[in-house]
Amino acid sequence: MAEEIARQAHKAATLLKTRTNDVRNAALKAIHDGLRDHKDDVLRANQKDLELAQQADYSSALVRRLDLGKGDKYDSMLQGILDVAALEDPMGKVTLATKLDEGLDLYRVTCPVGVILVIFEARPEVIANISSLAIKSGNAAILKGGKESLHTFTEMAKVINGVLSNPGFQIPPEALQLVSSREQVGDLLHQDRHIDLVIPRGSNELVRSIKASTKIPVLGHADGLCSVYLHSDADAEMASRIVVDAKTNYPAGCNAVETLLVNEACVKTVLPSVFDALNLAGVTIKVSEDIKAQFADSNLPLQLATPQDFDTEFLALTIAVRTVKSVDEAMEHINEHGSHHTDCIVTPNEQTAEKFLKGIDSAGVYWNASTRFADGFRYGFGTEVGVSTNKIHARGPMGLEGLMCYQYHLRGHGQVASDYAGAGGSKRFVHDPIDL
């Protein structure tokens with residue numbers, strides 16, 4: 001069964017990448033309209049999942065991620081589909097052109113990765129995100145949602161499958177396949193002949209388990225352990241706004257701050273304002289021993305942090321705080337304890353900031369800005385397929401570009417290698433760049 005799913009996806013991918021941008025955009029518009037028209041049905045299904053999650057006593061972070069009806073989350077999901085459709089066609093872009101000889105021209109051209117297996121937990125909006133990015137980029141996608149979002153997943157899948165079954169869109173229905181069985185996932189992870197990339201979105205355990213279970217390249221991040229460093233000259237008001245936003249705007253997000261590093265020179269000048277703002281926002285503050293001692297006379301409910309707290313992704317209104325002596329010590333801590341997702345420095349000093357920007361080994365490094373900006377929608381990608389902390393292929397929020405690779409097109413007029421030096425002939429290559 002899994003092999004057939006993967007084989008069909010591979011066949012669909014070879015067809016989908018030949019469809020024009022207009023055809024792919026029309027399919028996206030239809031998916032948008034279908035999910036818009038069935039919003040009530042999807043949210044009713046989502047409510048069932050929320051009720052079951054609460055009965056199962058799932059974490060508050062997971063429940064927040066699962067809730068598709070909160071605020072403008074559903075409408076933002078729909079808008080993301082239209083935003084992706086409005087983006088420039090990522091396929092067929094020439095990124096290198098070289099004249100090898102007269103009438104023999106080499107081009108490097110962007111093309112889809114092929115077949116992508118996406119495994120996610122709790123976030124039902126991923127279905128819309130991945131579907132739109134996959135179709136726009138010419139990739140086939142196989143999606144597996146977690147049991148927490150089964151009812152929502154099933155309802156959204158029914159809508160999307162109904163749209164793509166319309167032959168008028170010229171999109172192979174197998175280009176988007178949604179599976180619900182855990183056994184199918186285990187089998188799909190062995191289909192390295194037909195599946196080109198696996199993208200897990202979920203817990204650390206999920207990502208690590210998948211990486212250990214497949215030969216297929218895996219692109220994803222296991223943690224979102226982000227840090228903010230307040231340098232000695234940080235502005236107290238700016239620091240407070242950034243830290244509170246990064247912690248409280250969406251605590252369950254992988255781009256929420258978990259660790260606050262404070263230069264010991266500004267513990268008395270900047271930290272009181274930051275602590276007051278965090279306390280007012282209902283954040284549990286865990287501090288190192290030296291900070292606890294310096295705030296001994298404070299009425300703030302500061303808790304003593306353990307070493308483990310600085311390696312913990314809380315995904316809740318909790319933050320770990322410790323002092324450092326310098327920007328170098330801050331960078332050392334982040335590079336050792338962080339997850340290479342997104343980290344920030346707060347300072348007015350450009351030289352210090354540039355040192356931090358270059359020295360932090362993360363996908364996103366910010367100067368005077370909340371870590372919550374680490375998001376494909378905010379980057380202008382329309383939406384994202386996930387966040388990669390890898391150092392090859394794609395890094396950070398992955399939009400269309402992260403789902404593309406490239407191939408070389410050689411356009412000739414009957415030339416053969418044996419006419420050229422290095423293969424027995426005497427002709428020489430000119431290797432002149434072609435103006436793009």
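The structure under discussion appears in the preceding block.
These figures come from a predicted structure and were not determined experimentally. (Residues numbered from 1 in each chain as written. Predicted model: local features only at pLDDT ≥ 70, side-chain atom pairs only at ≥ 80, totals over all residues. Heavy atoms only, no water.)

(A) Representation of the packing of helix 13 (residues 327-337) against helix 14 (residues 350-359) in the model. It is at 10 Å that the axes of helix 13 and helix 14 come closest, and there the two elements cross at 20°. Judged by the angle between their axes, helix 13 and helix 14 are roughly parallel. Judged by the twist between their axes, the crossing of helix 13 over helix 14 is right-handed. Between helix 13, through V327, D328, M331, I334 and N335, and helix 14, the contact on the second element is made entirely by T352, K355, F356 and G359. For the contact of helix 13 with helix 14, the residue count by class is four nonpolar, three polar and two charged. (Axes fitted to C-alpha atoms, helices over the stretch in contact; angles between N-to-C directions. Helix = DSSP H or I, 4+ residues; strand = E, 2+ residues; numbered from the N terminus. Parallel < 35°, antiparallel > 145°, perpendicular 65-115°, else oblique. Left-handed = near helix turned anticlockwise from the far one by under 90°. Contact = heavy atoms within 4.5 Å. Nonpolar A, V, L, I, M, F, W, Y, C, P; charged D, E, K, R; others polar.)

(B) Geometry of the sheet that holds strand 7 (residues 226-230). Within the open sheet, the seven strands sit side by side as 10-9-11-8-7-12-13. Their pairing is parallel. Each having just a single partner strand, strand 10 (303-304) and strand 13 (364-367) make up the two edges of the open sheet. Of the strands in this sheet, strand 7, strand 8 (257-263), strand 11 (318-324) and strand 12 (342-346) touch helix 10 (residues 236-248), which is tilted by about 160° from strand 8. Against the sheet, helix 11 (residues 271-280) touches strand 7, strand 8, strand 9 (284-287) and strand 11, its axis set at about 145° to strand 9. (Pairing = 2+ DSSP bridges.)

(C) Spotlight on the pairing of strand 6 (residues 197-201). Counting buried positions along strand 6 yields five of five residues, so the element is predominantly enclosed. Side chains L197, I199 and R201 of strand 6 all project onto a buried face; the interleaved residues V198 and P200 project onto the opposite face, where all are buried too. Here strand 3 (residues 115-120) pairs with strand 6 via five bridges, running parallel. Note that in strand 6 the partner of L117 across the bridge is V198. (Buried < 20%, exposed > 50% of the residue type's maximum accessible area, 1.4 Å probe, protein only.)

(D) The nonpolar core, seen in detail. If you look at the biggest cluster of nonpolar residues, it comprises 46 residues, and the most contacted ones within it are I31, L35, L176 and I199. Broken down by secondary-structure element, the contributors of at least two residues to this core are helix 1 (2-16), helix 2 (21-37), helix 5 (73-86), strand 3, helix 6 (126-137), strand 4 (140-144), helix 7 (150-164) and strand 6. By residue number, the principal contributor to this core is helix 6, which donates seven residues. Residues in contact with I31, not counting those within four places in the same chain, are I81, I135, I160, V163, L164 and L176. A239, V244, A246 and L271 belong to the second-largest nonpolar core, a separate cluster that totals 32 residues. (Core = buried A, V, L, I, M, F, W, Y, C linked by side-chain atoms within 4.5 Å.)

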